[in-house]
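Residue strings, one per chain:
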Amino acid sequence: MIRSETQGRVARIRFDRLDKKNAITAEMYAQLGAALAAADGNPQVRSLLLHGSADCFTAGNDVADFLNVPRKLGASPARALFDTLPNMKKPVVAAVGGPAVGIGSTMLLHCDLVFAAPNARFQLPFVPLGIVPEFGSTFLLPLLAGYQRAAKLLLLGQPFTAQEALEAGIVTAVVSDVIGEAEKAANALAALPPESIRLTKRLMRARYAETLAATIDEETRIFTERLSSPEAKEAMSAFLEKRKPDFSRF
Ligand code: COA
C-alpha cells in the first residue's frame, strides 16, 4: 500500500508492503499516481519525498500480477505512474535503501534528486524475466550512463551497488542516513523560490519530453506482448516457485 502525508511544505509518499518487499500491485500504482498528482496540485506542497523503509525501497512490479492480471496490448497498470512522475512540476527527491528492482530503479530516472544508502541494491532484471525494460529506461539510461554501461545494466540485468548507480548517474549521492539526507534536501528545495524551480525543471526536461513519451509507449506495447511469451512465463513462474529458470528449450 502507498502512504502519503504532508509535513510542512513537503509531501511524503512511502511504499508500505514490506512482507512482499514493497512489490507494487495494480492498486498501488493507482494510489501512487493519485498521491503524486495530489501533491503536485496542492498549493501547500513545494517538494516531494519518495521512499520505502531504510532496508527496502521496492522490489518493483508484483511478479504474481505480471502472471495473473490480464492486460490489453499496450496497456499497463503502471500508466498512472508513467503519466505523472515524468511530468511533475514540483521537485521529487527519492531515498533508496535496500532493493530497488525493476520499476523501483527505472522510476528513479524521473526523480530530481536520488539519495542511496550504502546497502542499496539496484537491478533492472527485465531481460532475465523474459520481458523488456520500461518507463523510458531504454532511452534515459543510455543518455545518463552512456550506451556501454547502460547495455551492461539492461542486457545482463544483474544487481548493482549504490556506488555503481552513482557512477552510472542514476544516483545523486551515497549517504548513510538516506531518509534523513533526502528529507533535508526536500526541505531545502521547499524553501527555494517555487516558480524558479518549476521553470528550471521544465527547461531541463523540455528537449526530450516528446522522445521520452514515445519511448514509454513503444516499450509498453512490446512489454505487454512479452508478458504472454513462454520465456516470460518460465522466468516468472521460476521466481515464484523459488527455482532457477530454464531457458534451454527456447
Ligand atoms: N513480486 C511479488 N512478490 C515479491 C516480489 C515481487 N516483485 N519481490 C519479492 N516478493 C516476495 C517474495 O515472493 C517473498 O514472498 P513469500 O514470503 O510469500 O515467499 C517475499 O516477497 C520476500 O522476498 P524474498 O525474495 O524472500 O526476499 P529477499 O530479501 O531474499 O530478496 C529481492 C529481495 C527484492 C532481491 C527479491 O525478492 C527479488 O529479486 N524480487 C523480485 C524482483 C523482481 O523481479 N521484480 C520485478 C522487476 S520487473
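Structure shown above.
With that settled, consider the overall build of the chain. Scanning the chain from N- to C-terminus turns up 11 helices and 9 strands. Buried positions account for 50% of the 250 residues belonging to the chain. Put simply, 73% of the contacts in the chain that link residues at least 6 apart link residues at least 24 apart.

Quick look at the sheet that holds strand β3 (residues 47–51) now. Taken in spatial order, the 6 strands line up as β1-β2-β3-β4-β6-β9 in an open sheet, and their pairing is mixed. The strands lining the two open edges of the sheet, one partner per strand, are β1 (2–7) and β9 (173–174). Here β1 pairs with strand β2 (residues 10–15) via 6 bridges, running antiparallel. Paired with T6 across the strands is A11, a residue of β2.

Let us now look at the state of the cysteines. A covalent bond between the sulfur atoms of two cysteines is referred to as a disulfide. The full count for this structure, using the stated rule, is 0 disulfides. Its sulfur unpaired, C56 is 16 Å from the next cysteine sulfur, which belongs to C111. By relative accessible area, which is 2% here, C56 ends up buried.

All right, on to the site of the ligand then. In the region of the ligand, 17 residues are neighbours, and K20, A59, N61, V63 and K242 sit closest. Between the ligand and the protein, one listed contact pairs an oxygen atom with a side-chain N or O atom of K20 at 2.6 Å. Here a nitrogen atom of the ligand and a backbone polar atom of A59 are 2.9 Å apart. Relative to its free-state accessible area of 870 Å², the ligand is covered by the protein chains to the extent of 67%. Its residues placed into classes, the shell around the ligand shows 10 nonpolar, 2 polar and 5 charged.

Take the nonpolar core next. Ranked by internal contacts, the top residues of the largest apolar core, which has 60 residues, are M107 and F122. Among the elements that make up this core, the one with the highest residue count is helix α1 (residues 26–41) (6 residues). Setting aside residues no more than four positions away along its own chain, F122 makes contact with V96, A100, S105, L108, A116, Q158, P159, F160, T161, A162, A165 and V171. Counting residues in hydrophobic clusters, the runner-up holds 15 residues, among them V10, V93, A182 and A190.

Our next topic: the sheet that holds strand β7 (residues 121–123). What the 3 strands build is an open sheet, ordered β5-β7-β8; its pairing is mixed. Taken across any chain shown, the strands that pair with only one partner, and hence form the sheet edges, are β5 (99–101) and β8 (160–161). Sheet topology places β5 next to β7; 3 bridges connect them, and they run parallel. When the sheet's bridge partners are listed, P99 is paired in β7 with R121.

Turning next to the environment of F126. Tracing the backbone through its elements, the reader meets F126 in the loop between β7 and α5 (137–145). Measuring from C-alpha to C-alpha, the distance between F126 and A213 comes to 20 Å, with 87 residues separating the pair along the chain.

It is worth spelling out the pattern of salt bridges at this point. All chains considered together, the criterion is met by 15 salt bridges. The salt bridge partner of D112 is K201, with a shortest N-O separation of 2.8 Å. In this pair, D112 sits in the loop between α4 (103–106) and β6 (113–116) while K201 sits in helix α9 (residues 194–206), placing the two residues 89 residues apart along the sequence. Two residues, E234 and R249, come together in a salt bridge whose shortest N-O distance is 3.7 Å. Residue E234 is located in helix α11 (residues 230–240), and its partner R249 is located in the segment after α11; the two are separated by 15 residues in the primary sequence. Using a relative accessible area of 9% as the deciding quantity, one classes E234 as buried. Connected via shared salt-bridge partners are E234, E241, R243 and R249.

Moving on: the packing of aromatic side chains. One pass over the full model with this rule turns up 6 aromatic pairs. Taking the centre distance of 5.6 Å and the plane angle of 55° together, the rings of F66 and F223 count as tilted. With a gap of 157 residues between them, F66 in helix α2 (residues 63–68) and F223 in helix α10 (residues 209–227) connect regions that are remote in the sequence. Residue classification places F66 among the buried positions, given a relative accessible area of 9%. Considering the side-chain rings of F247 and F250, the 6.4 Å spacing of their centres and the 45° angle between planes classify their relative orientation as tilted. Classification of F247 as partly exposed rests on a relative accessible area of 34%.

The rules we used
Residues numbered from 1 in each chain as written. Predicted model: local features only at pLDDT ≥ 70, side-chain atom pairs only at ≥ 80, totals over all residues. Heavy atoms only, no water. Helix = DSSP H or I, 4+ residues; strand = E, 2+ residues; numbered from the N terminus. Buried < 20%, exposed > 50% of the residue type's maximum accessible area, 1.4 Å probe, protein only. Contact = heavy atoms within 4.5 Å. Pairing = 2+ DSSP bridges. Disulfide = S-S within 2.5 Å. Near = heavy atom within 4 Å. Polar contact = N/O pair within 3.5 Å; in protein donor to acceptor, adjacent residues only side chain to side chain. Areas by Shrake-Rupley, 256 points an atom, 1.4 Å probe, with all protein chains shown as cover. Nonpolar A, V, L, I, M, F, W, Y, C, P; charged D, E, K, R; others polar. Core = buried A, V, L, I, M, F, W, Y, C linked by side-chain atoms within 4.5 Å. Salt bridge = Lys/Arg side-chain N within 4 Å of Asp/Glu carboxyl O. Phe/Tyr/Trp six-rings, centres within 6.5 Å; stacked < 30°, edge-to-face > 60°.

So yeah, pure geometry; function would need other evidence.
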